[in-house]
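Read off the chains here:
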Amino acid sequence: MVISDKLDKFFDEKMKEYPTKRGFLVPMLLYSQDEAGYLSDEIIAHLAQKTELTELEVRNVISYYSLLRTQPAGKYVVQVCTNISCMLRGAEEVFDHCKQKLGVDHKEVTRDGTFSLEEVECIGACSWAPAVQVNYDFHLEVTPEKMDRILDRYEKKTQQ
């Protein structure tokens, strides 16, 4: 089974609330990724069939959103925005600090599988730059020192 029966049935019911099956694609991708950890070829094929889209159309949507991934990632995905607003306020320094602290580069996973690191274009928090997103949590006006505290909090969650 590509995704659980429970999730598949949920999709069947939720799709009825949308004017088109495609309209529910992004939530389907997010739910599937949350359940499986990433969007495998099998999941992509299943969702394409379910939404009556081609696999290429589904992959095009996946490639647009930085939260969606087709490779396994760490438990906590650290996304550092390096778009212009964040860059002007120190995002490159924050990203370089993360690389050093975690010992990984862009789109890599720490050896213990706890963290993945990604440099992303924009997470929509320009007024509070530099911004970082860890899974679904936003962290604003991040400095290297603040980033250390953020990473330490997630590390402690793993140990609980």
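Right above here is the structure, for reference.
This is a predicted model, so every value here is computed, not measured. (Residues numbered from 1 in each chain as written. Predicted model: local features only at pLDDT ≥ 70, side-chain atom pairs only at ≥ 80, totals over all residues. Heavy atoms only, no water.)

## Examining the environment of Ala48
Logical step 1: Residue placement: Ala48 occurs in helix H3 (residues 41-51).
Logical step 2: Ala48 sits in the buried class, given a relative accessible area of 3%.
Logical step 3: Separated by 23 residues in sequence, Ala48 and Leu25 have C-alpha atoms that sit 8.8 Å apart. (Helix = DSSP H or I, 4+ residues; strand = E, 2+ residues; numbered from the N terminus. Buried < 20%, exposed > 50% of the residue type's maximum accessible area, 1.4 Å probe, protein only.)

## Some remarks on the nonpolar core
Logical step 1: The biggest cluster of nonpolar side chains holds 18 residues, and the ones touching the most others in it are Phe11, Leu29, Leu39, Val58 and Ile62.
Logical step 2: Secondary structure elements with two or more residues in this core: helix H1 (5-15), helix H2 (25-36), H3 and helix H4 (55-64).
Logical step 3: Setting aside anything within four residues of it in sequence, one finds Leu39 in contact with Leu29, Ser32, Gln33, Ile44, Ile62, Leu68, Arg69 and Thr70.
Logical step 4: Core analysis: the next-biggest nonpolar cluster, separate from the first, contains 17 residues, Val80, Val104, Val134 and Tyr154 among them. (Core = buried A, V, L, I, M, F, W, Y, C linked by side-chain atoms within 4.5 Å. Contact = heavy atoms within 4.5 Å.)

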